[in-house]
Structures are given as structure tokens and as C-alpha cells.
Protein chains: 2
Amino acid sequence: MIRLLLADDQALVRGALAALLDLEPDLEVVAQVGRGDEVVEAARASGAEVCLLDIEMPGMTGIDAAAALRRELPGVRSLVVTTFGRPGYVRRAIEAGASGFVVKDTPSRQLADAVRRVHAGLRVIDPDLAAESLIDGPSPLTGRERELLTYALDGSPVAAIAARVHLSEGTVRNHLSSAIGKTGATTRTEAARIAQDRGWL
Amino acid sequence: MIRLLLADDQALVRGALAALLDLEPDLEVVAQVGRGDEVVEAARASGAEVCLLDIEMPGMTGIDAAAALRRELPGVRSLVVTTFGRPGYVRRAIEAGASGFVVKDTPSRQLADAVRRVHAGLRVIDPDLAAESLIDGPSPLTGRERELLTYALDGSPVAAIAARVHLSEGTVRNHLSSAIGKTGATTRTEAARIAQDRGWL
DNA sequence: CCCGACCGATGACAGGTGTCACGCCGAGGT
DNA sequence: ACCTCGGCGTGACACCTGTCATCGGTCGGG
């Protein structure tokens, strides 16, 4: 019997995944949480062996939760299950110690198998995603560029960003200009979108 | 026995919802589709009585699918189940003839009940969302403003938008300026984000 | 019939934005 | 000690953007 923890902020999806996995005779959902920062505690309390982690969650991302599990409960394996198959996400999830990475449009039949493989100590990664994450490499952005791009995501004017990080407008423009060059974009908004698509943020 | 159709582009979520609902003794999932434009045909072929529709789908939105069901198969009721509780979505879903509107972070226990109520001819709408959709009213945007805002969503420069719709740059600027005024924003990107949040796009 | 709403367009202007050149500093690597 | 790289800043320049005034055309309703 494999003991599972589910972490997803959408209660309906979480409950549905629980129903799906509980149908399998060798799987048992022993805990469910809706926030990233509750994963470690719930995993400890429930004695989970495998954790299914969504990435977009309040409190802490699923990737950070995987890293925390790695530190605190090294015996527990984690499988990241997310909506977006962004190349950078795969890379970062694996670096954080996750054993697998599955996107939410894979057939539901395959999920239980993925869980079993992860429990057996194998890695489970969508081959297309793995290839993509290799070809475009790690993020070329510096720390500041990454930070400023996240603020530029919603199209905020340079002045607003500068105020938010207590920098000169000119400096912000320079960092963003550099990021625009590295992403191949022509505006900061486009650069932010590209960086997000690649999982660089 | 209530016959259900599920429409969601994420196969994993779709399968999981099927597992969840099939647990109920009086519910039966008789069809699953991953595209909005396959809903009507599948509903007809399977003899579904209630359709669960996600909004964001390829081919056709769940709202348009609800409208198509209304037209083609008036006896079939539809329940919109979506990630985002945008006020405008609720309004448009109801106007399209949907009998219910549920967001994906409601507890999974309540979904089966919502299905039963819809099947019984009742309306099921999250009370908070209904209130919100009343207070900020219908979209004040004109057709062109709406269209141009969708193109502005990703931060495209005015020139690119103008080329795409074969309009003068000045005209595009005027429409967007008007939309900026109506949304209370200060840039076109912010206006687009606000309009999207309210379900005006 | 005239009015209002929507659409399309032009021109002008202030202010925002992207680029470039250049400078300074501190941390690490050789 | 030297060099490189990231970070921070300035100034200048060309271009983009948002706003406003103004014009003309269409179409439906009072």
C-alpha cells in the first residue's frame, strides 16, 4: 500500500484526484493540503511516502515544497503535477529533488503508474518536456533582471517598478533592456511573458 | 441515474472528476471531451442529461458550448465549472443558458449535489460570485475596444495591433485610450488585465 | 428628421520607453 | 595584482504611447 499526500489549491481538483487514486487497490490517499507551506508538516503527520505537488499554490510553490521535503523528510519522494509544462519548471523541479514531473493533460490512467514508479525509486518525466528543458538551457537572467521581470509581468510602468524596488528609473530601464536582449523580445512585457513561459521566473 | 458529460481540456482533471462523480450511486459519466466544439455532438450521441463545462477549452469556450447546447439540445442542462470566478463569466454563463456556475476551489463533496440540483431544474450559483457580478454590472466596452484589449493582453505594441486588425495606429490608440478610461487603468496592459479579471473579454 | 453611439481617421503634444555610452563599486577567479 | 561580471547610476537620443480636439460616416430609435 503506497501512502499518498495531495497538494493542490483547487479543492475540487484535489478531491477528484483523491477519488481517482483511491480507486487503485495499492494506493491510499492519507493527506490533502491546499497550501505549499503545509506540505512538510502534513507529510510528517500522515507518514506519506509519495507527495503529489501542484506548482501554483499559495504560501509556497510546489517546487519549493519539494525542496523542503528533500531537506526535512529525505525518505519521502515527490511528484510534481502541474498545468504548465514550462521547460524551466522541469529543470527546477528536478534540481529541487522531485522524482517526477507530470503535466495535467496526460491521460488519467497514467497517473497511478507514475506514482508507482516514483515510489519504486524511478524518475518519471515527460520525454518531450525533458528534451525542451535541455535545448534552451538554464536561465541566462541575472538576479535583478529576474526580479524586475516579475514586476513587469503585468505591464507596470518603469516608474512603478523603480519605486517598488527602490532603484533609479534609469537602472530599471537598463536591467530590463538587458533582459529584453536575452529573451529576444522587443518590449519588457513581451520579455516577461517569454521568461515566464520558459520557467525563468 | 443522472447521465453526465464532462468537458475539460486537461485530461487528468477530466479523468479525476469522472472518478469522483462515478463514486456517487445515482450519477453516471457517459461521455468525456477535451474540446468545446465537441460538446454538442457528444451530448447528443451519449444522451447526457447534464453537462459539466470548463470555460477555457480549445475550439470553443464552455460558455459558447452552453449556448450551443441551449439551441441544439434544449432538454440538456449545463453546469459551468471553472478555475476563475470572474464576475463577467457568471453573467455570461447564465445568459448563455447555463443552469449553474461553480468554481474549482469549492469542496469536492458539493459537486455531486450541484449536479443533482441542476438536474432537478434548479439554479446553482456561488452566492459571493452572484453578488459580485451584480455590483460591477455588464461590460461597458464597445466591440472594438474589447477586441483590441484582447490583442493588448500580452503587451503587444500599438503598431502590431494596428497591423493585425488593419486599422490606423491613431485609431487603435483612441480605442485603447477609451478602454483605459472605462477600466480606470493608466496603461493598455493594465486595462487589458482588469477587463480580463472582470470577464469582459 | 435629428440625435446619439459606434467606428475610423488625423494631427499635435507631453510624457513614457528602449538603447547606448560611460562611469563607479565590490566579489570572485586566475 | 589583474580581469571579469553583476549591480547601480547618469545623460542623451529616437521612438512609442496616451490624451485631446476635431472631423466624417453609418445606423437605429425617439
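Residue positions are given per chain, counting from 1 as you read along its sequence in written order. Chain A is the first chain written and ligand 1 is the first ligand written, with later ones labelled in order. Local features in this predicted model are restricted to residues whose pLDDT is 70 or higher, and side-chain atom pairs enter the listing and the counts only when it is 80 or higher, whereas totals over whole chains, interfaces and linings include all residues. In computing side-chain values, all of the structure's heavy atoms are included and hydrogens and water are not.

Student: So, the packing of aromatic side chains: which residues are in play, and what are the values?
Tutor: Any two rings among Phe, Tyr and Trp, with Trp reduced to its six-membered ring, count as a pair given centres within 6.5 Å; such a pair is stacked if its planes are under 30 degrees apart, edge-to-face if over 60, and tilted if neither. For the structure on display, the rule yields zero aromatic pairs over all chains. Geometry around A:F84 places A:R86 over its ring, the cationic atom sitting 4.4 Å from the centre. Should the NZ of a Lys or the CZ of an Arg lie within 6 Å of a ring centre and within 35 degrees of the ring normal, that charge is described as sitting over the ring.

Student: Before we move on, can you summarise the sheet that holds strand β3 (residues 50-53) of chain B with the specific residues and values?
Tutor: Residue and element names in this part refer to chain B. An order of β2-β1-β3-β4-β5-β6 is seen for the six strands of this open sheet, with the pairing classed as parallel. The strands lining the two open edges of the sheet, one partner per strand, are β2 (27-33) and β6 (124-125). Pairing of β3 with strand β4 (residues 77-82), which is carried by four bridges, proceeds in the parallel orientation. Bridged to V50 within β4 is R77. Residue contacts are counted whenever heavy atoms from the two residues lie within 4.5 Å of one another. All axes here are fitted lines through C-alpha atoms, helices being fitted over the stretch that makes contact, and every angle between N-to-C directions spans 0 to 180 degrees. A helix here means a DSSP run of H or I that spans at least four residues, while a strand means a run of E at least two residues long, and both kinds are numbered starting from the N terminus. Sheet strands in contact with helix α1 (residues 11-22) are β1 (2-7), β2 and β3, and its direction is about 165° off that of β2. Between any two strands, pairing holds if DSSP finds at least two bridges.

Student: How would you sum up the interface of chain A and chain B? Please name residues and give values.
Tutor: Often the size quoted for an interface is simply the accessible area lost on bringing the parts together. Between chain A and chain B, the contact holds 27 residues from the first and 27 residues from the second. Put simply, buried area is the surface a 1.4 Å probe can reach on two separate parts but cannot reach once they are joined, added for both. Regarding the contact of chain A and chain B, the summed buried area is about 2,000 Å², with carbon and sulfur atoms giving 72% of it. For salt bridges, the criterion is a side-chain nitrogen of Lys or Arg within 4 Å of an Asp or Glu carboxyl oxygen. At the boundary of chain A and chain B, one finds zero salt bridges. In the analysis that follows, any N or O atom pair within 3.5 Å is treated as a polar contact, provided that within protein one partner can donate a hydrogen and the other can accept it, and provided that, for residues neighboring in sequence, both atoms belong to side chains. Counting across the chain A and chain B interface gives six residue pairs in polar contact (both at pLDDT 80 or more). Of all the secondary structure elements, the ones that give two or more residues to the side of chain A that touches chain B are α1 (11-22) and α10 (188-197) of chain A. No other element matches α1(A), which puts eight residues into the side of chain A that touches chain B. Per-class residue counts for the side of chain A that touches chain B are 13 nonpolar, eight polar and six charged. Note that Gly is not counted as nonpolar here; it falls among the polar residues with everything else outside the nonpolar set of Ala, Val, Leu, Ile, Met, Phe, Trp, Tyr, Cys and Pro and the charged set of Asp, Glu, Lys and Arg.

Student: Got a sec to walk through the environment of B:L52? Specific residues and values, please.
Tutor: Residues and elements named next belong to chain B. Structurally, L52 can be placed in strand β3. For every residue, the accessible area obtained with a 1.4 Å probe (protein chains only) is divided by the maximum for its type, and the residue is called buried under 20%, exposed over 50%, and partly exposed between those limits. On the accessibility criterion, L52 (4% relative accessible area) is buried. In this structure, the C-alpha to C-alpha distance between L52 and S78, residues 26 residues apart in sequence, is 6.1 Å. Apart from the residues within four sequence positions on either side, L52 is in contact with L4, L5, L6, A7, L21, L79, V81, L111 and V115.

Student: Break down the nonpolar core for me, citing the residues and quoting the values.
Tutor: Ranked by internal contacts, the top residues of the largest apolar core, which has 48 residues, are A:L4, A:L21, A:L52, B:L4, B:L21 and B:L52. Apart from residues lying up to four places away in sequence, B:L4 is in contact with B:L21, B:L27, B:E28, B:V29, B:V30, B:A31, B:A48, B:V50, B:L52 and B:V115. As used in this record, nonpolar core signifies buried Ala, Val, Leu, Ile, Met, Phe, Trp, Tyr and Cys residues forming a set joined through side-chain atoms within 4.5 Å.

Student: Hey, could you go over the packing of helix α4 (residues 87-95) of chain B against helix α6 (residues 127-135) of chain B for me, with residue numbers and the actual values?
Tutor: All names here are of chain B. Two elements in contact, α4 and α6, have axes separated by 8 Å at closest approach and are oriented at 95°. What the angle tells us is that α4 and α6 run roughly perpendicular. Listed contacts from α6 to P87, V90 and R91 of α4 are L129, E132, S133 and L134. Partitioning the contact of α4 with α6 into residue classes produces four nonpolar, one polar and two charged. Oblique is the label for every angle not falling under 35 degrees (roughly parallel), over 145 degrees (roughly antiparallel), or within 65 to 115 degrees (roughly perpendicular).

Student: Talk me through the sheet that holds strand β6 (residues 124-125) of chain A; I want residue IDs and the actual numbers.
Tutor: Residues and elements named next belong to chain A. With parallel pairing, the six strands of this open sheet are ordered in space as β2-β1-β3-β4-β5-β6. Edge strands, defined here as strands with exactly one partner in the open sheet, are β2 (27-33) and β6. Taken together, the two bridges between strand β5 (residues 100-103) and β6 define a ladder with parallel strand orientation. Across the sheet, the residue bridging to G100 is V124, located in β6.

Student: Give a description of the protein's contact with DNA strand C that names residues and reports values.
Tutor: The criterion for a residue being near a molecule or strand is simple. One of its heavy atoms has to lie within 4 Å of it. Within the structure, DNA strand C sits among 19 residues, and A:R188, B:T142, B:R144, B:S168 and B:N174 are positioned closest to it. When the atoms of DNA strand C within 4 Å of the protein are sorted by group, sugar and phosphate make up 60%. Side-chain polar atom of A:R173 to a base nitrogen of DNA strand C: 3.1 Å apart, as the coordinates give it. Mapped by element, the contributors of at least two residues to the surface near DNA strand C are α8 (158-165) and α9 (169-183) of chain A together with α7 (143-152) and α9 (169-183) of chain B. Tallied by class, residues from the surface near DNA strand C come to five nonpolar, 10 polar and four charged.

Student: Could you give an account of the relation of the copies chain A and chain B, naming the residues involved and the relevant values?
Tutor: Both copies of the chain are placed relative to one another by a rotation about an axis and a shift along it. The copies are overlaid by a least-squares fit using only the C-alpha atoms of residues whose pLDDT is at least 70 in both copies. Superposition of chain A onto chain B requires a rotation of 180° combined with a translation of 0.1 Å along the rotation axis, giving an RMSD of 0.1 Å. What the rotation and shift describe, once combined, is the action of a two-fold rotation axis. For chain A, the minimum C-alpha distance to the rotation axis belongs to A:A16 and amounts to 2.3 Å. When the interface residues of chain A are mapped onto chain B, 100% of them again lie at the interface, so the same face is used by both copies.

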